[in-house]
Amino acid sequence: MKRLFPLMFIALIVLACGGGEDTTPTEAPGTTPPVAKAQDIDAKKIWKIRCIACHGLYGDMGTNGAANLQEATSDLAYRINIITNGSENGVMTAFGEILSEEEIEAMAKYTMSFNKALEQ
Ligand code: HEC
């Protein structure tokens, strides 16, 4: 037993030092920063904040002569233009400086959803 003691001592030291295991924390998966995608835009929320005062919740309120969006049949390009630049008579606000291009397109599509006849 006496002879084994130094061997056990060495074995203990080797075990205590570990096998040189790499304990550096690795980057957790799926931590890329979020990028705003068109499908993430909450058109209904923007509508309630920016558009409801004139157009109403259902698009047909017509405050200040706002177009009735349940009856409007204009195309997407016309809507993107009027939302970006405002109405020619200056009543509707130009949102080009307020909303991003993606948001404006999402809003143009959203306004089309008020007209049942335009629903695909
Ligand atoms: C200050 C009042 C006002 C606000 C706020 C407003 N609008 Fe308008 N909107 C109008 C008026 C007035 C017209 C009609 C303009 C015309 O035909 O010359 C109009 C017309 C439109 C049209 C064209 C409909 C058509 O085919 O004739 C769209 C689309 C539209 N608005 C979307 C929006 C969206 C989206 C928002 C919010 C981001 C918004 N509007 C906010 C007053 C407003």
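Everything quoted here is computed from the prediction, not taken from an experiment.

### Section: the overall build of the protein chain
And step 1. The helix and strand inventory of the protein chain stands at 4 helices and 0 strands.
And step 2. Along the chain direction, N to C, the helices and strands of the protein chain fall in the order α-α-α-α.
And step 3. Counting all 120 residues of the protein chain, 20% fall into the buried class.
And step 4. Of the contacts formed within the protein chain by residues at least 6 apart in sequence, a portion of 49% connects residues at least 24 apart.
And step 5. In the form shown here, the protein chain has an accessible surface area of approximately 9500 Å², with 58% of it arising from carbon and sulfur atoms.

### Side note on the nonpolar core
And step 1. With 14 residues, the main nonpolar core has Trp47, Leu69, Ile83, Leu99, Met107, Tyr110 and Phe114 as its most contacted residues.
And step 2. If near-sequence neighbours (up to four positions away) are discounted, Trp47 is found in contact with Ile52, His55, Gly56, Leu57, Gly59, Leu69, Met107, Tyr110, Thr111 and Phe114.

### Describing the site of the ligand
And step 1. Around the ligand sit 23 residues in total, of which Cys51, Cys54, His55, Ser74 and Met92 are the nearest.
And step 2. Between the ligand and His55, the relevant distance is 2.8 Å, taken from a nitrogen atom to a side-chain nitrogen or oxygen of the residue.
And step 3. Contact between the ligand and Ser74: an oxygen atom at 2.3 Å from a side-chain N or O atom of the residue.
And step 4. Taken together, the elements giving at least two residues each to the shell around the ligand come down to α2 (43-55), α3 (76-85) and α4 (101-112).
And step 5. The biggest single contributor to the shell around the ligand is α2, with 5 residues.
And step 6. Per-class residue counts for the shell around the ligand are 14 nonpolar, 7 polar and 2 charged.

### A word on unusual backbone geometry
Most peptide bonds take the trans configuration, and most residues that are not glycine carry a negative phi.
And step 1. You will see that Asn64, though not glycine, has its phi angle at about 55°, which is positive.
And step 2. Along the chain, Asn64 turns up in the loop between α2 and α3.

### Side note on the pattern of salt bridges
And step 1. Considering all chains together, one arrives at 1 salt bridge under this definition.
And step 2. Two residues, Glu105 and Lys109, come together in a salt bridge whose shortest N-O distance is 3.0 Å. One end of the pair is Glu105 and the other is Lys109, both in helix α4 and 4 residues apart, which spans about a single turn.
And step 3. Glu105 gets classed as partly exposed once you look at its relative accessible area, which sits at 33%.
And step 4. The class of Lys109 is partly exposed, set by a relative accessible area of 46%.

### Topic: the packing of aromatic side chains
And step 1. One pass over the full model with this rule turns up 3 aromatic pairs.
And step 2. With a centroid separation of 5.8 Å and 50° between ring planes, the pair formed by Trp47 and Tyr110 is classed as tilted. Residue Trp47 is located in helix α2, and its partner Tyr110 is located in helix α4; the two are separated by 63 residues in the primary sequence. Comparing Trp47 with Tyr110 shows no difference in burial state: the two are buried.
And step 3. Relative to Phe114, the ring of Trp47 lies with its centre 5.0 Å away and its plane at 50°, an arrangement referred to as tilted. Linking Trp47 in helix α2 with Phe114 in the segment after α4, this pair joins segments that are 67 residues apart in sequence. No difference in accessibility class separates Trp47 from Phe114, as the two residues are buried.

Rules and cut-offs
Residues numbered from 1 in each chain as written. Predicted model: local features only at pLDDT ≥ 70, side-chain atom pairs only at ≥ 80, totals over all residues. Heavy atoms only, no water. Helix = DSSP H or I, 4+ residues; strand = E, 2+ residues; numbered from the N terminus. Buried < 20%, exposed > 50% of the residue type's maximum accessible area, 1.4 Å probe, protein only. Contact = heavy atoms within 4.5 Å. Areas by Shrake-Rupley, 256 points an atom, 1.4 Å probe, with all protein chains shown as cover. Core = buried A, V, L, I, M, F, W, Y, C linked by side-chain atoms within 4.5 Å. Near = heavy atom within 4 Å. Polar contact = N/O pair within 3.5 Å; in protein donor to acceptor, adjacent residues only side chain to side chain. Nonpolar A, V, L, I, M, F, W, Y, C, P; charged D, E, K, R; others polar. Salt bridge = Lys/Arg side-chain N within 4 Å of Asp/Glu carboxyl O. Phe/Tyr/Trp six-rings, centres within 6.5 Å; stacked < 30°, edge-to-face > 60°.

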